[in-house]
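Breakdown of the fold
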Amino acid sequence: MKTKPTEAERIEMLRRAKLLTGAEGAAHAMRQINPDVFPVYPITPQTPIIQTFSKFVADGEASTEIINVESEHSAMSAAIGAATAGGRTMTATASQGLALMIENIYIAASMRLPIVLAIGNRALSGPINIHCDHSDSMLARDSGVIQFFVENAQEAYDFMIMSVPLAENHDVLLPVLVGQDGFTITHTAEPILLEEDEDVQNFVGEYEIPYPLLNLQKPTTQGPFDMPDYYFEHKRQQQAAMDAVPDAFDTVANHYAALTGRRYDAIEEYRLEDAERAIVVMGSSAGTMKEVVDDLREQGEAVGLLKVRMFRPFPTKKVREALGHVQKVAVLDRAMSFGSKGPLYMEVAEALFGAGPSMQNYVFGLGGRDLFPADIRQVFENLKNPEEMREMQYIGIRE
Amino acid sequence: MNELKKYHEIPIGGTVITKDVVQPKTGGWRMGEKPMVNLDKCVNCLICWLDCPDTAVLAEGTDFFGFEYDYCKGCALCAEVCPTDAIVMVPDDQEVPEYGRMLNGGPHEN
């Protein structure tokens, strides 16, 4: 069971920490990784990532080739070219920028290019809105990329670093999206533990892909046309790559834990093992929920939280094991699939199919709408009689 | 037709490894004309080599060599871009020396 650090551990951690936003944390991770190429276009709330990283490069703290392109479509196109040629490539975007990239994200995934993207999760137009929800990342849900949603600035830093060897694992070779909640994480300063530059460099190692296009000793054609006789086989390969992710991520997470003491899993179980009621959520809201869970636990209520960090590939088995014994589960989605239930709910429902818990689905926080502890307490209260709320519920909406 | 392979038997991502595949001869796509070169006029600028949409212009080091008719589709780009008019299009059924190389107005032996 994951518990909060003791007061002494917290003080020791704060002594070593730097006060950084999630965006700065991601930029520091990139400085330490020092990718070869970084084609990028600014967009709120991702801009502080590229702004901070550009300063590092201008100051000579990283030797990355930054390409200032004219749109996110071009950013991803250039990233595909650079990664195909044989360079370690990263980029960053949010919201409409991710929407514009989507066509090429499918191509990067199908060409099996290990490009790591930092995402500042933001609502999609319209109406135009710059604040957080997860709708943008959900656009990439079926594209074939690995997707993480992090809870805080520390995770934003750590997952940027872990994503590099995960993406480049030869059984995987897929792009990775590391989503951090716009403003709530990207622009909020928190204490972060940074690792030594040299340790991060050694951790990520050298970039090595099987068929770099510029290797003239092994000439290849990349990204060609497929007829019906081979297209399906190449799609099946992408699923095989996804199937290899859990083991590859475990290895990466173990190595990272050996380096940092921070061991991450695809999911985080918080006070779940004897819980009768539980909430499932992704992103920064999990932090607020842990506080509420603690409060309710003190009042003797058997409640818990399951935070999903890895959305693709979805850790179906782990979610089933974590929630199988819980009687009542509420899934809180920060995105909608209009005309159906929330995307996270559908994954959790599939994972729990036949396992027995009663389920509710809530949508919250669209376009940056606040989620208050009282809202979370109400969800736990509603879960006492889950059958009364079978339809999708909306938290904090005026109706 | 090659035997169709299983999904785990082929390179990932649609990558084609040049040495592993049959190179289909596409010269049969020509529609009536093919290029020929007068080496007296050629200045080895290799603009034709650069512009050929296939790999039908052969070079030897940095020198122009001739045409690989097995892969030439007769698009005439090479004749169009040639700055000295050394390359001309001739009827496909006209007999030309190997690689289309002419010197002193006659066939050039290597």
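Residues numbered from 1 in each chain as written. Chains lettered and ligands numbered in written order. Predicted model: local features only at pLDDT ≥ 70, side-chain atom pairs only at ≥ 80, totals over all residues. Heavy atoms only, no water.

**Brief notes about the interface of chain B and chain A**
Basically, it comes down to this: Any two residues whose heavy atoms approach within 4.5 Å are treated as being in contact. As a working definition, buried area equals the accessible area (1.4 Å probe) given up by two parts on being put together, with both sides summed. A 3.5 Å cut-off defines polar contacts: any pair of N or O atoms within that distance qualifies, except that in protein one atom must be a possible hydrogen donor and the other a possible acceptor, and neighbouring residues in sequence count only when both atoms are side-chain atoms. Three categories are distinguished: nonpolar for Ala, Val, Leu, Ile, Met, Phe, Trp, Tyr, Cys and Pro, charged for Asp, Glu, Lys and Arg, and polar for the others, with Gly belonging to the last. Think of it this way: DSSP has to see at least two bridges between two strands before they count as a pair. Helical segments are the DSSP runs of H or I of at least four residues, strand segments are the runs of E of at least two, and each set is numbered from the N terminus.
The interface is formed by 15 residues belonging to chain B together with 17 residues belonging to chain A. Between chain B and chain A, the buried area comes to about 1,400 Å², and carbon and sulfur atoms account for 61% of it. Of all residues in chain B, the largest losses of buried area upon contact with chain A belong to Tyr7(B), Ile12(B) and Gly13(B), amounting jointly to 41% of the total for that side. Remark: the boundary between chain B and chain A carries nine residue pairs in polar contact (both at pLDDT 80 or more). Looking at the side of chain B that touches chain A, its residues break down into eight nonpolar, four polar and three charged. Strand direction decides the pairing type here: strand S9 (residues 220-221) of chain A and strand S1 (residues 16-17) of chain B, joined by two bridges, are antiparallel.

**Topic: the pairing of strand S2 (residues 37-40) of chain A**
Here is the key point about a regular strand: its side chains alternate between the two faces of the sheet. All names here are of chain A. Threshold: Burial status follows relative accessibility: with a 1.4 Å probe on protein chains alone, a residue under 20% of its type maximum counts as buried, one over 50% as exposed, and anything between as partly exposed. Crossover handedness is defined by viewing with both strands directed away from the observer: a clockwise path from the first strand over the helix to the second marks the crossover as right-handed.
Burial of S2 is two-sided: the residues Val37 and Pro39 facing one way and the residues Phe38 and Val40 facing the other way are all buried. Taken together, the four bridges between S2 and strand S3 (residues 65-68) define a ladder with parallel strand orientation. Residue phenylalanine 38 lies in a different strand from S3, and its bridge partner there is isoleucine 66. You can see the chain leave S2, run along helix H3 (residues 47-58) and come back into S3, and the turn it takes is right-handed.

**As for the domain arrangement of chain A**
Residues and elements named next belong to chain A. Stated formally: All domain edges in this entry derive from an automatic or database-based domain assignment. Salt bridges are defined by distance alone: a side-chain nitrogen of Lys or Arg within 4 Å of a carboxyl oxygen of Asp or Glu.
You can read the domains of chain A as domain 1 (7-260) and domain 2 (268-394). Between domain 1 and domain 2, the residue contacts involve 27 residues of the former and 24 residues of the latter. Across the domain 1/domain 2 interface, buried area totals approximately 1,900 Å², and carbon plus sulfur atoms make up 58% of it. It is Arg141, Phe149 and Glu151 that lose the most area in domain 1 upon contact with domain 2, and together they represent 30% of the buried surface on that side. Glutamate 155 serves as the salt-bridge partner of arginine 309, at 3.1 Å between the closest nitrogen and oxygen. Listed by contribution, the elements that provide at least two residues to the side of domain 1 that touches domain 2 are helix H6 (135-139), strand S6 (146-149), helix H7 (153-168) and helix H10 (245-260). Among the residues forming the side of domain 1 that touches domain 2, the class breakdown is 14 nonpolar, six polar and seven charged.

**Observations concerning helix H5 (residues 95-110) of chain A**
All names here are of chain A. Under the convention used in this document: Helix span, expected: 1.5 Å multiplied by one less than the number of residues in the helix. Here the bend at a residue is taken as the angle between two axes, fitted respectively to the seven residues that end there and the seven that start there.
Compared with an ideal rise of 1.5 Å per residue, which puts 16 residues at 22 Å, H5 spans 22 Å between its outermost C-alpha atoms and is within 8% of the ideal. In the structure, H5 departs most strongly from a straight axis at isoleucine 102, where the bend amounts to approximately 55 degrees. Along H5, the residues classified as buried are Ser95, Gly97, Leu98, Met101, Ile102, Asn104, Ile105, Ala108 and Ala109. Here the buried face of H5 lies against helix H4 (72-85), strand S4 (90-93), strand S5 (116-121), H6, strand S7 (176-181) and helix H9 (231-243). Where H5 terminates, the next one or two residues include arginine 112, which has phi positive at roughly 60 degrees.

**Quick look at the side chain of Thr89(A)**
All names here are of chain A. Following the sequence through the fold, threonine 89 ends up in the loop between H4 and S4. Engagement of the side chain of threonine 89 in a polar contact is seen with the backbone oxygen of glycine 87, the distance being 2.9 Å. Those residues in contact with threonine 89 that lie beyond four places of it in its chain are Val37, Pro39, Ala79, Ala82, Ala83, Pro114, Ile115 and Val116.

**A short note on the packing of aromatic side chains**
Our working rule: Classification of ring pairs rests on two measures: the distance between centres of Phe, Tyr or Trp rings, Trp counted by its six-membered ring, which must be within 6.5 Å, and the angle between planes, read as stacked under 30 degrees, edge-to-face over 60 and tilted in between. By the criterion adopted, a ring carries a charge over it if an Arg CZ or a Lys NZ lies within 6 Å of its centre and within 35 degrees of its normal.
In the structure shown here, the tally under the stated rule is eleven aromatic pairs over all chains. For the ring pair Phe159(A) and Phe249(A), a centre distance of 6.1 Å and an interplane angle of 20 degrees mean the geometry is stacked. Residue Phe159(A) is located in helix H7, and its partner Phe249(A) is located in helix H10; the two are separated by 90 residues in the primary sequence. Judged by relative accessible area, Phe159(A) falls into the buried class, the value being 1%. With a centroid separation of 5.1 Å and 65 degrees between ring planes, the pair formed by Phe65(B) and Tyr99(B) is classed as edge-to-face. A residue pair is termed long-range when its members are at least 10 positions apart, and Phe65(B) in strand S4 (residues 63-67) and Tyr99(B) in the loop between strand S5 (87-91) and strand S6 (101-103) qualify at 34 residues. Taking the relative accessible area as the measure of exposure, Phe65(B) reaches 14% and is therefore buried. Tyr99(B) gets classed as partly exposed once you look at its relative accessible area, which sits at 24%. An aromatic cluster of at least three residues, connected via ring pairs, comprises Phe148(A), Phe159(A), Phe249(A) and Tyr264(A). A cation sits over an aromatic face here: Arg31(A) above Phe56(A), 5.3 Å from the ring centre. Arg312(A) extends its terminal NZ or CZ atom over the ring of Phe311(A), reaching a point 4.9 Å from the ring centre.

**Some details on the sheet that holds strand S14 (residues 328-333) of chain A**
Think of a sheet as strands paired side by side through backbone hydrogen bonds, with each pair either parallel or antiparallel. Residues and elements named next belong to chain A. Counted only if it meets this: Geometry is summarised by axes, namely lines fitted to C-alpha atoms with helices restricted to the contacting stretch, and by angles between N-to-C directions that run from 0 to 180 degrees.
Pairing within the open sheet is mixed, and its six strands lie in the order S10-S12-S11-S14-S15-S16. Across the chains shown, the open sheet's two edge strands, defined by having one partner strand only, are strand S10 (267-270) and strand S16 (393-394). As defined by bridge partners, S14 adjoins strand S15 (residues 358-363) across six bridges and the pair is classed as parallel. Bridged to lysine 328 within S15 is serine 358. Most of the contacts of helix H13 (residues 343-351) go to S14, to which it runs at about 150 degrees, and overall it touches strand S11 (277-281), strand S12 (303-308), S14 and S15.

**Examining the environment of Leu139(A)**
The residue Leu139(A) is located in helix H6 in this model. When the C-alpha atoms of Leu139(A) and Ala99(A) are compared, they prove to be 6.9 Å apart, with 40 residues separating the residues in sequence.

**A look at the nonpolar core**
Residues and elements named next belong to chain A. What counts is decided by this rule: As used here, the term nonpolar core means buried Ala, Val, Leu, Ile, Met, Phe, Trp, Tyr and Cys residues forming a set that is joined through side-chain atoms within 4.5 Å.
Counting 52 residues, the largest nonpolar core has Ile146, Phe148, Met160, Ile161 and Phe249 as the members making the most contacts within it. When residues in this core are grouped by element, the largest group, ten residues, is from H7. Not counting the four nearest positions on each side in its chain, isoleucine 161 is found in contact with Ala29, Gln32, Ile33, Val200, Phe203, Val204 and Tyr256.

**Quick notes on the packing of helix H2 (residues 22-33) of chain A against helix H8 (residues 197-204) of chain A**
All names here are of chain A. This is how it is decided: Any angle that is under 35 degrees is reported as roughly parallel, and any over 145 degrees as roughly antiparallel; angles of 65 to 115 degrees are reported as roughly perpendicular and all others as oblique.
Relative to each other, H2 and H8 sit at 70 degrees, their axes nearing to 8 Å. Viewed along their axes, H2 and H8 adopt a mutual orientation that is roughly perpendicular. Across the interface between the two elements, Arg31, Gln32 and Ile33 from H2 touch Asp197, Val200, Gln201 and Val204 from H8. Residue classes in the contact of H2 with H8 are distributed as three nonpolar, two polar and two charged.

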